[in-house]
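Observations on the three-dimensional arrangement
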Amino acid sequence: MYSSAMHLRSSVAIVLALSTGPAAASSFESCVAGLREQAVNVGVSRSLASRALDLAQPDEKVLRLSQVQPETKTRVWDYLGFLVDEQRVADGRAMMQKHERVLRAAEQRFGVDRHVIAAIWGVETDYGREMGDSFLPHALATLTCQGGRRAPFWRGELLAALRLVARGDLELEKLKGSWAGAFGQTQFIPSTYQRLAIDFDGDGRLDLVTSVPDALGSTANYLRRAGWRKGAWMIEVKVPPGYRGPSGRTKRMTLSRWAGRGIVRADGGRLAGAARAGLLLPAGAKGPGFLVFRNFDAIYAYNHHEAYALAVSHLADRLAGFPSFRTPWPTDDPALSRADRLQLQKLLIARGYSIGEADGKIGPATRVAIAEAEKKAGMPPTGRPGRKIYDALGGKP
Ligand SMILES: [Ca+2]
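Everything numeric in this text was worked out from a predicted model, so none of it was measured.

Considerations on the coordination of the calcium ion
In this structure, Asp199 (OD), Asp201 (OD), Asp203 (OD), Arg205 (O), Asp214 (OD) and Asp214 (OD) serve as the protein donors to the calcium ion, at separations of 2.3 to 2.8 Å. Spacing between the donor residues of the calcium ion along the chain follows D-x1-D-x1-D-x1-R-x8-D.

Some details on the sheet that holds strand S3 (residues 234–238)
Read across the sheet, five strands follow the order S4-S6-S7-S3-S5 without closing on themselves; strand pairing throughout is antiparallel. The open sheet has two edge strands, strand S4 (248–254) and strand S5 (264–265), and neither has a second partner. Across the sheet, helix H14 (residues 306–319) lies against S3, S4, strand S6 (276–280) and strand S7 (289–292), angled at about 100° from S3, the strand it touches most.

With respect to the packing of aromatic side chains
To describe a pair of aromatic rings, one takes the distance between the centres and the angle between the planes. In the structure shown here, the tally under the stated rule is twelve aromatic pairs. Aromatic pair Phe110 and Phe200: ring centres 6.5 Å apart, planes at 45°, arrangement tilted. With a gap of 90 residues between them, Phe110 in helix H6 (residues 100–110) and Phe200 in the loop between helix H10 (190–196) and helix H11 (212–225) connect regions that are remote in the sequence. Each member of the pair Phe110 and Phe200 is classed as buried. On the numbers, 5.9 Å between centres and 35° between planes, the contact of Trp228 with Trp233 is tilted. With respect to burial, Trp228 and Trp233 carry one shared label: buried. Taken together, the ring pairs in this structure connect Trp77, Phe290, Phe325 and Trp329 into an aromatic cluster. Geometry around Phe153 places Arg150 over its ring, the cationic atom sitting 4.6 Å from the centre. A cation sits over an aromatic face here: Arg249 above Tyr300, 3.6 Å from the ring centre.

A few points about the confidence of the model for the chain
Per-residue confidence for the chain averages 92 on the pLDDT scale, and 93% of its residues sit at or above 70. Note that pLDDT drops below 50 for residues 6–19; the model gives that stretch 35 contacts with residues more than four away or on any other chain.

A few points about helix H16 (residues 364–376)
Taking 1.5 Å as the rise per residue, H16 with 13 residues should run 18 Å; its terminal C-alpha atoms sit 19 Å apart, in good agreement. Of the surrounding secondary structure, the elements contacted by the buried residues of H16 are helix H15 (338–350) and helix H17 (387–392). Following H16 by one or two positions, Gly378 adopts a phi angle in the positive range, close to 75°.

About the thresholds
- Residues numbered from 1 in each chain as written.
- Predicted model: local features only at pLDDT ≥ 70, side-chain atom pairs only at ≥ 80, totals over all residues.
- Heavy atoms only, no water.
- Donors = N, O, S within 2.8 Å, 3.2 Å for Na, K, Ca; no water.
- Pairing = 2+ DSSP bridges.
- Helix = DSSP H or I, 4+ residues; strand = E, 2+ residues; numbered from the N terminus.
- Contact = heavy atoms within 4.5 Å.
- Axes fitted to C-alpha atoms, helices over the stretch in contact; angles between N-to-C directions.
- Phe/Tyr/Trp six-rings, centres within 6.5 Å; stacked < 30°, edge-to-face > 60°.
- Buried < 20%, exposed > 50% of the residue type's maximum accessible area, 1.4 Å probe, protein only.
- Lys NZ or Arg CZ within 6 Å of the ring centre and 35° of its normal.
- pLDDT = per-residue confidence, 0-100.
- Expected span 1.5 Å × (residues − 1).

Written as structure tokens, this is what we have:
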């Protein structure tokens, strides 16, 4: 699944020189005209196809975002620090209260823990606040007509999106999401929507954009279909100093066997039993360790990154009232929360760096400014929004 959360992993865009000559334009237009015909062939009305695909030029923002290369890998603690901060925990608890009846009904019907359903919602769109603003038909037409190996995939997503509108589930204007076609409260791509969305509020329409019950019910359905069964998803553990034994999500052993290797629960409790789990050491043996169960894989199926599944799993635990990780990340420069990132940007602006408006989102301009501020403070220039530069600029704890 393509989620907004995934894009955090990339930092700096490589800006492409787009070919915008007359030849490129006419071939783009004929490609889009071809897509309109294909939409009509799968049952979309001609007027809907024309309204949806009325673009004469590629969506440049989508082209740019689709070419982003990860410059440096985001550190796992930065990724988690952003996605599981106190604000998202507090907001999640409030949203769980507000939608308690629906969450309990979804848990009852699909056997998926309601805290996990809420955590996916929180990580994907900040509980519906950040669903993305790319108009899907334009984004998907741009990606299709750009050509390349994935063009058939994008075309399939485009046609699936238009069919949702043709069926009366959504108005065309609601097809807004990420550049890669994920949209709605929990960021399904159109083909997943077609396959797994359910009408959980019973109004006869599949609306994962405005109906929170439809979105949460569909997410529970997704996890169930991805293999979720009632039970644990992740437990924090401690590995013995200098541990060099097996690790990896797919190298599963029973809890008893892990206990035999000297691994204990993070609170010191004993591990026992025949349940099977893999050991994740995302920052090596000196950082926190996690035993992850089959249910963790169901979360991983939603967005194929272990850090993503870790963030959702941990947010779910926090929403259920469990504390933060007991073992700290092995760094002397911890991550900033979203509130502190915003504060860091304000501090940079106050010192004359031009980074636009402070919005808490660390883009290329903010990274450049951080690197310069680090240099001035006699620190190695990393461009990373960490605690050290925050403190150096006089940020409040
Ligand atoms: Ca509905």
